[in-house]
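The primary structure of each chain is shown beneath.
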Amino acid sequence: MIAGIDLGTTHSLVGIMDSGFPVLIADADGRRLTPSAVWFPECGEPVVGWPALEKKPTHPSLVVTSVKRLIGRRVAEAAVSSSGCAVEAGPDGGVRILVGSLSLSPEEISALILSKLKADLEMSCGVSVDRAVITVPAYFNDAQRSATKRAGELAGFTVERILSEPTAAALAYGLDRLGERARVAVYDLGGGTFDISVLELNCGVFEVLSTNGDTSLGGDDLDAALAKAWGVARFDAEKIKRALTDSDSVEFDHHSYLRSDLDAACLPIIEKTRRHCLRSLSDAHLETSALDAVVLVGGATRMPIVRRFVAEIFGREPDVSQHPDEAVALGATIQAGILEGGLQNLTLLDVTPLSLGIETFGGLMNVIIPRNTTIPCKAGEMFTNAVANQSAMSISVLQGEREMARDNWPLGRMDVPFPPSPKGQARVGVQFELDANGILHVLARDTASGRDTVIDIHSAVEVSDEAVEKMLGDSLEYAFEDMDERIFTEAKLKADEMLPAVDSALNALGEKVPVEIRSAISGLVQKIRSALEARSTSDLKTLLGELDTLTEPLATALLEQTLA
Ligand code: AMP
């Protein structure tokens, strides 16, 4: 596997191809953006990301941020001063960053950020990942690119490719499918930098025709202008700015702020990007009419005024279909997938045309191998018994994209015997293996006895194109109904489990439950029964939540009673 990495000035992201799809990885707290900040505590190991950023206000000299502005630079270069770090010249004239008693190269610090991304990635996918694609701005020179590559190597990666950020963005937007000689502009307005690039697609490869920009122009400048205009702190100005992206006016601290005022204050700054755009077009010897697409990258391009401005300059609406913060990382991941070879030879025969799964509780489809997975492949899940003293599990193997089992095609059925056990105690592993010949081997194992049950299904891949089209069409047509039914079924399963449990808890506790609680519970139970009858999903979910809260003390009391 090859990781795709956006090593950004303020934030970094990492992704990986998973069964044919690029996915970005979240850290242990569920956040996909990792601040490119490193804190060097007085004792102990360096810390990367959010905790480092939090230390910046109190320990500015021990936290390094924006190290990307220094990588591959010489101390003499003017931009060095803009990072805010104390620096000195190394023996070769290269930058060394002074932090506490340490003197480190920008590569070494970048390597710490990359190591953190590597660790998050490996934690998430459970295997070690030693190869990477890393993105850099299009204007990075050889020294900056080599230094970025070295940083990757210091972090333990073999760097398969250093990819230009606009190229990555174009890949994320799927512009490689535009056809030969397509030309696209990538407008990237981040927190601290602005880049504009014009690319041309040639034989499936993007070439950067021109690139231009300003390394000290971005959302931060908008915050400063707004803070001045509104007389608020920059931190608050940023918050109000974001809120005004989604609405025309917002209330903040008993004041109301209008988007029209924001637009007036920001326009002069956004206007500064115009000459870079025009320059980039003229360097590429193109008129705006020769462009096939304009795409947006960077958090600040969410702002309506920026989108209008881009549309005006380029004479066409920009494509906003991708997440502007994630496009570069997504593109790096797609490039990694291409290098892995997984994306190159996709023909219909090599992938599962439709999802394969089994029926589970409540008649739901549980997908085990998603459609478009490259063959051969293997995947599985563990299941348990829904009913006490059940002595066999009947497994129905299904193919299709619908949420309810009955709407998919049955491929086969098998019974897996196991010793009768209380509800939820049996453990049956079900594994699907689709071999290179397109034969699906379904293996079920009762983990207690180790006994295997196997069936082979030969028709899993040979499905006519028309049938696949119909299934996909239906799954879109009925998407809302299907999803609604799945959510209702899941809520109903929860109700089926909770109502008897509440009943038996009330019985067991008897007098110990105060009368008013008992009657509140039975009122709720009544309402739940009605919601079940009326098939009202949202009521059902709310009521079950209330019942959960109301009966929480019962569970504790029961436990105490058992222990006493
Ligand atoms: P980036 O460097 O690409 O992460 O972009 C960060 C910049 O985008 C910061 O200046 C943010 O204030 C700005 N930004 C992020 N989300 C929004 C939003 N919803 N509306 C306006 N600006 C945003």
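The model shown is predicted, which means the values in this text are computed figures rather than measured ones.

K.L.:
Is there a simple way to explain the sheet that holds strand 22 (residues 390-399) in this structure?
P.N.:
To summarise the sheet geometry, strands pair through backbone hydrogen bonds and adopt either a parallel or an antiparallel arrangement. The antiparallel open sheet is built from 4 strands, whose spatial order is 20-19-22-23. Each end of this open sheet is capped by a strand with a single partner; those strands are strand 20 (364-369) and strand 23 (409-421). On average, adjacent strands in this sheet sit at an angle of 30 degrees to one another, irrespective of strand direction. For strand 19 (residues 356-360) and strand 22, the ladder comprises 3 bridges, and the chain directions are antiparallel. Residue pairing for strand 22: Leu356 is matched across the bridge by Gln399.

K.L.:
Is there a simple way to think about the sheet that holds strand 26 (residues 451-457) in this case?
P.N.:
Ordered in space as 21-24-25-26, the 4 strands form an open sheet in which the pairing is antiparallel. The open sheet has two free edges, formed respectively by strand 21 (377-383) and strand 26, since each of these has just one partner strand. Taken pair by pair, the neighbouring strands of this sheet meet at an average axis angle of 15 degrees, ignoring direction. Note that strand 24 (residues 428-434) and strand 25 (residues 440-446) share 7 bridges and pair antiparallel. Looking at the pairing, Leu434 lines up with Leu440 of strand 25.

K.L.:
I keep staring at the packing of helix 8 (residues 273-283) against helix 9 (residues 304-314) and nothing clicks. Help me out?
P.N.:
How two helices pack is summed up by the angle between their axes together with the distance between the axes. At their nearest, the axes of helix 8 and helix 9 sit 11 Å apart, and the two run at 35 degrees to each other. The two elements helix 8 and helix 9 meet at a crossing, and its hand is right-handed. Side by side, helix 8 and helix 9 meet where Thr273, Arg274, Cys277 and Leu281 of the first sit next to Phe309, Glu312, Ile313 and Phe314 of the second. Looking at the contact of helix 8 with helix 9 residue by residue, the class counts come to 5 nonpolar, 1 polar and 2 charged.

K.L.:
Quick question: what am I supposed to make of the layout of surface pockets here?
P.N.:
A probe matching the size of a water molecule, rolled over the atoms, marks out where space remains unfilled. Here the largest pocket is characterised by a volume of approximately 1700 Å³. Those elements giving two or more residues to the lining of the largest pocket turn out to be strand 2 (11-18), helix 1 (50-55), helix 5 (219-230) and helix 6 (234-246). At 8 residues, the largest contribution of residues to the lining of the largest pocket is made by helix 6. Among the residues making up the lining of the largest pocket, the classes are represented as 14 nonpolar, 18 polar and 17 charged. Inspection of the lining of the largest pocket shows a minimum of three residues originating in each of domain 1 (2-217 + 272-349) and domain 2 (218-271). By volume, the second largest pocket is sized at about 380 Å³. Taken together, 22 residues make up the lining of the second largest pocket; nearest its centre are Glu359, Thr360, Phe361, Phe383 and Thr384. For the lining of the second largest pocket, the elements supplying multiple residues, two or more each, are strand 19, strand 20, strand 21, strand 22 and helix 12 (479-509). Of all the elements, strand 22 adds the most residues to the lining of the second largest pocket, at 6 residues. When its residues are assigned to classes, the lining of the second largest pocket shows 11 nonpolar, 7 polar and 4 charged. Viewed by domain, the lining of the second largest pocket spans two of them, domain 3 (356-477) and domain 4 (479-563), each represented by three or more residues.

K.L.:
Whenever I open this one, helix 7 (residues 259-271) confuses me. Can you help?
P.N.:
Given 3.6 residues per turn, any residue in an α-helix points the same way as the ones three and four places further on. Between its first and last C-alpha, helix 7 extends 17 Å over 13 residues, near the 18 Å set by a 1.5 Å rise per residue. Helix geometry: helix 7 is bent most strongly at Ala265, by close to 35 degrees, with proline Pro268 lying one to four residues after it. Among the residues of helix 7, those classed as buried are Arg259, Leu262, Asp263, Ala265, Cys266, Ile269 and Ile270. Of the surrounding secondary structure, the elements contacted by the buried residues of helix 7 are strand 13 (183-189), helix 5, helix 6, strand 17 (255-258), helix 8 and helix 9.

Parameters at a glance
- Residues numbered from 1 in each chain as written.
- Predicted model: local features only at pLDDT ≥ 70, side-chain atom pairs only at ≥ 80, totals over all residues.
- Heavy atoms only, no water.
- Pairing = 2+ DSSP bridges.
- Helix = DSSP H or I, 4+ residues; strand = E, 2+ residues; numbered from the N terminus.
- Axes fitted to C-alpha atoms, helices over the stretch in contact; angles between N-to-C directions.
- Left-handed = near helix turned anticlockwise from the far one by under 90°.
- Contact = heavy atoms within 4.5 Å.
- Nonpolar A, V, L, I, M, F, W, Y, C, P; charged D, E, K, R; others polar.
- 1 Å grid on protein atoms, 1.4 Å probe; cavity = no way out; pocket = protein on both sides within 12 Å on 5 of 7 lines; lining within 4 Å.
- Points joined across faces, edges and corners; volume = space filled by probe spheres on them.
- Domains from an automatic or database assignment.
- Expected span 1.5 Å × (residues − 1).
- Bend = angle between axes of the 7 residues up to and from the residue.
- Buried < 20%, exposed > 50% of the residue type's maximum accessible area, 1.4 Å probe, protein only.

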